[in-house]
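Observations on the model geometry
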Amino acid sequence: MQREVGTLPLAPALRARLAAAGFQTAQELLDTGPCGLSKEIGISREEALEALQVVRQECHGDAARTAGGSGATRRCTALELLEEEQTQGFIITFCSALDNILGGGVQLTKITEICGAPGVGKTQLCMQLAVDVQIPECFGGVAGEAVFIDTEGSFMVDRVVDIAAACVQHCHLIAEAQQEEDHQKALETFSLENILSHIYYFRCRDYIELLAQVYLLPEFLSEHSKVRLVVIDGIAFPFRHDFEDLSLRTRLLNGLAQQLIIIANDHTSAVVLTNQMTTRIGQSQSMLVPALGESWGHAATVRLIFHWDNSQRLATLYKSPSQKESTIAYHITSHGFRDVQPPAATHSAEGAEMNPRKRPRTEEEKQ
Amino acid sequence: MVVLRAGLCPGLTEDMIQLLRANGIRTVVDFVSSDLEDVAQKCSLSYKALVAVRRVLLAQFSAFPANGADLYEELKSSTAILPTGSPSLDQLLDSGLYTGEVTELMGAPGSGKTQVCLGIAASVSLGLKQHVLFLDSTGGFTASRLYQMLQAQTEDEEEQARQVLGRLRLCSVPQLEALQRIQVVRVFSIYELLSALQELRDRLSQQVVSSTGPLKMVVLDSVSAVIYPLLGGRQSEGLALMMQLSRELKTLAREFSLAVVVTNQVTRDSSTGPLKPALGRSWSFVPSTRVLLEGKEATWEKATTQRLASLAKSPRQPTGMQVELDI
């Protein structure tokens, strides 16, 4: 009950008046009561009542937590977290090399950022992930739905149809090879129409719409509790042109990052963002670095950078809390995001053993 | 600056307060700093009663002076030095993390701050068998990586040979216990962080010896993630909240002899300027020791695990000391 007045979530003007009147702890506020409070600092009785309600909520929340109740805090021991992580699924990308360097695929409850030059395949990966998140659990997926927030207008439905058709075909082949009951059952619901109807698409034209959309997202997610992936394609685009006040931009971006990580945690979903690249001119050479500045680099938990190397596309894992930095090559085919095929077609039998949740590939790329 | 209220101390009645207020004395500071004879005349109150009230108020609200020798003795008996598990980092920090102080790790994204924090938490929990509170505001806490580090640390101990591969999927007992000693709280906004710290303070002052046990270290990863959304623009409340937070952290560290570790970001002045720590000059006075972590390669084309740690501010060592870390 000894919370300082300065630490309570009240409006700054109100806080300033309380400090000037000499109130220090929350206990004093509660003792004074709404009438006394409104007389002391010169606000209306309704405002005083509201302020006291906020204070009471905070203090009761504290007391409940101290007494051992779980309340709304997110506290647990590392052991519990470890068990949770071991049972959590990953969203696979259909490119086994990429899945390997990510530690199994795109992780839930974390923000993954994909940076790259134009045309290198960021939107392709986003569309692939929006389809892959819906793969049923018996095939190694997370059986969730996807929210796609598009700011650049690069979402092509025909392309998603192609990717989804290839994914469904892949699953059919596996089901045929393995002949299990639940595979057949799952396949009945895993069809093209179903996949497309579970991708929720939003189009935001400027940064205000984007911010509003992200603030309304928690309500949407509570109604659609099966959503396991939120993709924001082009987070750099609305913030990069026409922004006069750079400190406001940093502030908004950081607020956005906070919102997103709260969403990722509370609803156990993965958040994937795509970012653009910008040139930084150093002393002797110029480098391509991710856009939106240094402080944005801290917002994402996992960072992937896509780049070209003479006509081969490469992906580098640049920042991750649990995996080492490494680079792999990938390919974009008519079926979507895939591995680069080595010249001698060695079957990835070791790949299946390393990652037991991955099902063996029975089909080679049919071009 | 506490408002004078009836019942604040014996002898302070409601009518007395009304009379004082009529003469412009509203808070304790006003009362204590005014001339009592004057007040007695203007308010027609008894001088003796006023003196008695003043004595009680002073005893309740003022701080007592202490001499340096006492402070030194107290410091010697209550400070502990926690080894971080990495000898080169210990060398940089003058043999480890000091309790009662705030230490800061700063670095660019991907430079290894979260990894170093996990390593320190693992070493304190496993080696010293102390409890650790990990406040995570970025979502970067991965329990499997922590487990990996714990396993690596017990590898050369002979206990490994006698392990019973237990029921819980290849977890072994000392590592399980170590994991249980690390409490993780996810805080994503400044108010959540402040209420978590308040809760910690309540628990420690009531000395609830339950699963928490003797807490020795608090790790906050990262402080800039919660404060950045409040700074900038035209509002100044961000600065006030930041200072409130720093006061909480420092008093927690000192009162309960905890070692507090925070991580911070780095920013640039312009697109080509040198890296400097985030949160500005006001924050730079809060931690007593600052370590900057840098990756050795400038581009991201080559993968490397080497990191360079340099001491940017320290009360005990010369700054500019550099040490290599392997993550």
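By the naming in an unreviewed UniProt entry, chain B goes by DNA repair protein RAD51 homolog 4 and is assigned to Gymnorhina tibicen. If you open the UniProt record of chain B and go to Sequence similarities (unreviewed entry), you find "Belongs to the RecA family. RAD51 subfamily." Annotation of chain B in UniProt includes, under Subcellular location (unreviewed entry), the sentence "Nucleus".

Per an unreviewed UniProt entry, chain A goes by DNA repair protein RAD51 homolog 3 and derives from Gymnorhina tibicen. A UniProt comment under Sequence similarities (unreviewed entry) is attached to chain A, and it reads "Belongs to the RecA family. RAD51 subfamily."

1. A short note on the overall build of chain B
In terms of helices and strands, chain B carries 13 helices and 12 strands. Burial analysis of chain B (327 residues in total) assigns 51% to the buried set. Sequence-distant contacts in chain B: of pairs separated by 6 or more residues, those separated by 24 or more amount to 65%. Carbon and sulfur atoms make up 53% of the accessible area of chain B, which amounts to about 15400 Å² in all.

2. A short note on helix α8 (residues 143-154) of chain B
If you check α8(B), its first and last C-alpha atoms are 17 Å apart, about what 12 residues at 1.5 Å a residue would give, namely 16 Å. Taken as a whole, α8(B) has its buried residues at Ala143(B), Arg145(B), Leu146(B), Tyr147(B), Met149(B), Leu150(B) and Thr154(B). Elements in contact with the buried residues of α8(B): α4 (78-87) of chain A together with α7 (113-127), α9 (173-181) and β5 (182-186) of chain B.

3. A look at the pattern of salt bridges
Scanning the model with the defined rule gives 4 salt bridges over all chains in all. A salt bridge links Glu113(A) to Arg303(A), with the shortest nitrogen-to-oxygen separation between them at 3.3 Å. Of this pair, Glu113(A) sits in strand β4 (residues 111-116) while Arg303(A) sits in strand β11 (residues 302-309), and the two are 190 residues apart along the sequence. For Glu113(A), a relative accessible area of 0% puts it in the buried group. Looking at Arg303(A), the relative accessible area reads 5%, which means it is buried. We note a salt bridge from Glu248(B) to Arg201(B), for which the minimum N-O separation is 3.8 Å. In this pair, Glu248(B) is assigned in helix α12 (residues 237-255) and Arg201(B) in helix α10 (residues 190-206), connecting sequence segments 47 residues apart. When sorted by exposure, Glu248(B) lands in the same class as Arg201(B), which is buried. Each of Arg201(B), Glu248(B) and Glu255(B) takes part in salt bridges that share partners, so that together they form one network.

4. Quick look at the nonpolar core
Of all hydrophobic cores here, the largest spans 49 residues; its most connected members are Ile91(A), Leu98(A), Phe139(A), Phe148(A), Leu229(A), Val272(A) and Phe306(A). Per element, the largest residue contribution to this core is 8 residues, and it comes from helix α7 (residues 157-178) of chain A. The residues contacting Leu98(A), other than those within four sequence positions of it, are Thr93(A), Leu125(A), Leu304(A), Ala315(A), Ile328(A) and Phe337(A). Core analysis: the second largest hydrophobic core is formed by 40 residues, Ala78(A), Leu79(A), Leu89(B) and Leu176(B) among them.

5. What about the packing of aromatic side chains?
All names here are of chain A. What the rule picks out here adds up to 8 aromatic pairs over all chains. Ring plane angle 50° and centroid distance 4.5 Å describe the contact between Phe148 and Phe155, whose orientation is recorded as tilted. Ring plane angle 80° and centroid distance 5.5 Å describe the contact between Tyr200 and Phe220, whose orientation is recorded as edge-to-face. Placement of the pair is Tyr200 in strand β6 (residues 199-203) and Phe220 in helix α10 (residues 207-223), with a sequence separation of 20 residues. With relative accessibility at 17%, the residue Phe220 sits in the buried group. Members of the aromatic cluster, each reached through a chain of ring pairs, are Phe148, Phe155 and Tyr201.

6. Points about the pairing of strand β6 (residues 215-221) of chain B
All names here are of chain B. Taking burial as the measure, the 7 residues of β6 include 6 buried ones, the bulk of the element. Pairing analysis gives 4 bridges linking β6 to strand β7 (residues 259-264), with the strands arranged parallel. Across the sheet, the residue bridging to Val218 is Val260, located in β7.

Calculation rules
- Residues numbered from 1 in each chain as written.
- Chains lettered and ligands numbered in written order.
- Predicted model: local features only at pLDDT ≥ 70, side-chain atom pairs only at ≥ 80, totals over all residues.
- Heavy atoms only, no water.
- UniProt positions renumbered as here; feature names shortened; annotations may be inferred.
- Helix = DSSP H or I, 4+ residues; strand = E, 2+ residues; numbered from the N terminus.
- Buried < 20%, exposed > 50% of the residue type's maximum accessible area, 1.4 Å probe, protein only.
- Contact = heavy atoms within 4.5 Å.
- Areas by Shrake-Rupley, 256 points an atom, 1.4 Å probe, with all protein chains shown as cover.
- Expected span 1.5 Å × (residues − 1).
- Salt bridge = Lys/Arg side-chain N within 4 Å of Asp/Glu carboxyl O.
- Core = buried A, V, L, I, M, F, W, Y, C linked by side-chain atoms within 4.5 Å.
- Phe/Tyr/Trp six-rings, centres within 6.5 Å; stacked < 30°, edge-to-face > 60°.
- Pairing = 2+ DSSP bridges.

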